[in-house]
Amino acid sequence: LRTIECRVTVLNNATRHVPKGLCVDGGLPEPPAVRSCQLDPCPEWITGDWSECSTKNCLSWNTAYQKRSIFCELANRTITPSHCDNRKRPTRKRECFNANCKGLWKEGQWSECTATCGNKGFRSRRVQCVWHGTEEVAPPSACKGSPSPSTMPCGRNPCKDEDEEDCYDQSTYCDVVKGTKLCEASQFRLQCCASCGMQK
């Protein structure tokens with residue numbers, strides 16, 4: 001690159017600048033201001049092929065991602081990426097359509113009932129959203145609809161009354177007490193707990 005000027009010689013061989021058009025009108029074509037020169041090649045980014053749009057790389061419903069390798073090369077030789085212009089770096093990953101990227105609710109096995117007796121226990125199970133095919137954990141937003149219940153009530157045999165387990169007759173006359181309907185008296189009811197407890 002160089003500067004091109006039109007000059008004329010005046011008295012005492014002095015020169016002065018004049019408009020370029022004056023040189024052109026005088027039959028002097030304007031010389032080139034730029035010429036090519038031999039430079040070393042610049043490093044450049046080289047990309048590989050895009051990978052398959054696989055269900056292993058699902059992002060959301062019907063959407064996965066694919067990736068490719070990126071190298072910085074100079075004269076067919078891979079060099080450190082810092083030598084290439086980072087502003088021109090190609091993208092390494094992009095989204096792609098995959099109809100198999102669908103979430104589904106996966107249900108685990110029910111646990112044992114937490115109750116040892118009675119009907120106030122519950123069972124639980126693991127319910128999570130997974131990707132179709134791989135069954136890898138997916139965000140809940142990838143599954144349509146509401147998940148199945150993860151808990152449910154359950155019960156076992158009726159619980160025994162604590163007082164009933166320690167209830168026994170303390171007198172040999174409890175049959176008489178029961179027969180004569182003396183169980184209504186608290187004293188006899190305690191002494192003949194088992195017999196009186198059998199009354200309807």
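As recorded by an unreviewed UniProt entry, the chain carries the name ADAMTS-like protein 1 and is attributed to Trichonephila clavata. Regarding the chain, the UniProt comment filed under Subcellular location (unreviewed entry) reads as follows: "Secreted".

Draft legend 1. Spatial organisation of the pattern of salt bridges. The final tally for this structure, using the stated rule, is six salt bridges. With its nearest N and O atoms 3.6 Å apart, the salt bridge here joins Glu107 to Arg125. You can see Glu107 sitting in strand 9 (residues 103–107) and its partner Arg125 sitting in the loop between strand 10 (121–124) and strand 11 (127–131), a full 18 residues away along the chain. Owing to a relative accessible area of 40%, Glu107 belongs among the partly exposed residues under this scheme. Notably, a salt bridge pairs Arg156 with Glu112, separated by 3.8 Å at the nearest N-O pair. Within this pair, whereas Arg156 is found in the loop between strand 12 (151–154) and helix 2 (162–165), its partner Glu112 is found in the loop between strand 9 and strand 10, the two being separated by 44 residues in sequence. Since its relative accessible area comes to 41%, Arg156 is described here as partly exposed. You can call Glu112 exposed: its relative accessible area is 62%.

Draft legend 2. Up close: the sheet that holds strand 8 (residues 93–97). Taking strand neighbours across the sheet as the criterion, the three strands line up as 4-5-8 in an open arrangement whose pairing is antiparallel. Bordering the open sheet on either side are strand 4 (58–60) and strand 8, each of which pairs with just one other strand. Across this sheet, the average inter-strand angle for adjacent strands is 40 degrees, counted without regard to direction. Direction of pairing for strand 5 (residues 63–67) relative to strand 8: antiparallel, over a ladder of five bridges. Bridge pairing links Thr63 to Phe97 in strand 8.

Draft legend 3. Focus on the environment of Glu73. With respect to the element layout, Glu73 can be found in strand 6 (residues 70–74). On a C-alpha basis, the gap between Glu73 and Val24 in space is 47 Å, while along the polypeptide they are 49 residues apart. Those residues within four positions of Glu73 in sequence are excluded, and the remaining contacts are Pro43, Glu44, Ile46, Thr78, Ile79 and Cys84.

Draft legend 4. Just the state of the cysteines, in detail. Under the criterion given, the structure shown has eight disulfides. A disulfide bridge connects Cys53 with Cys96, and the sulfur atoms are separated by 2.0 Å. Between Cys53 and Cys96 the sulfur-sulfur dihedral comes to about 95 degrees; the bridge is accordingly right-handed. Of this pair, Cys53 sits in the loop between strand 3 (44–47) and strand 4 while Cys96 sits in strand 8, and the two are 43 residues apart along the sequence. Cys53 sits in the buried class, given a relative accessible area of 18%.

Draft legend 5. Region of the structure containing the environment of Lys102. For Lys102, the location among the structural elements is in the loop between strand 8 and strand 9. In contact with Lys102, other than residues within four places in its own chain, are Trp61, Asn62, Val130, Trp131, His132 and Ala142. Looking at Lys102, its side chain comes within polar contact range of the main-chain oxygen of Ala99, at 2.5 Å.

Draft legend 6. Broad picture of the side chain of Arg125. You can call Arg125 buried: its relative accessible area is 17%. Contact partners of Arg125, with chain neighbours within four places excluded, come to Glu107, Gly108, Gln109, Trp110, Ser148, Pro149 and Ser150.

Draft legend 7. Up close: the sheet that holds strand 3. Reading across the sheet, the three strands line up as 3-6-7 and stay open at both edges, with antiparallel pairing between neighbours. Of all the strands in the sheet, just strand 3 and strand 7 (77–79) have a single pairing partner and so form its edges. Across the sheet, the mean angle separating the axes of adjacent strands is 55 degrees when strand polarity is ignored. Inspection of the sheet shows strand 3 paired to strand 6 by four bridges, in the antiparallel sense. Counted as the bridge partner of Ile46 is Phe71 from strand 6.

Conventions adopted
- Residues numbered from 1 in each chain as written.
- Predicted model: local features only at pLDDT ≥ 70, side-chain atom pairs only at ≥ 80, totals over all residues.
- Heavy atoms only, no water.
- UniProt positions renumbered as here; feature names shortened; annotations may be inferred.
- Salt bridge = Lys/Arg side-chain N within 4 Å of Asp/Glu carboxyl O.
- Helix = DSSP H or I, 4+ residues; strand = E, 2+ residues; numbered from the N terminus.
- Buried < 20%, exposed > 50% of the residue type's maximum accessible area, 1.4 Å probe, protein only.
- Pairing = 2+ DSSP bridges.
- Axes fitted to C-alpha atoms, helices over the stretch in contact; angles between N-to-C directions.
- Contact = heavy atoms within 4.5 Å.
- Disulfide = S-S within 2.5 Å.
- Polar contact = N/O pair within 3.5 Å; in protein donor to acceptor, adjacent residues only side chain to side chain.

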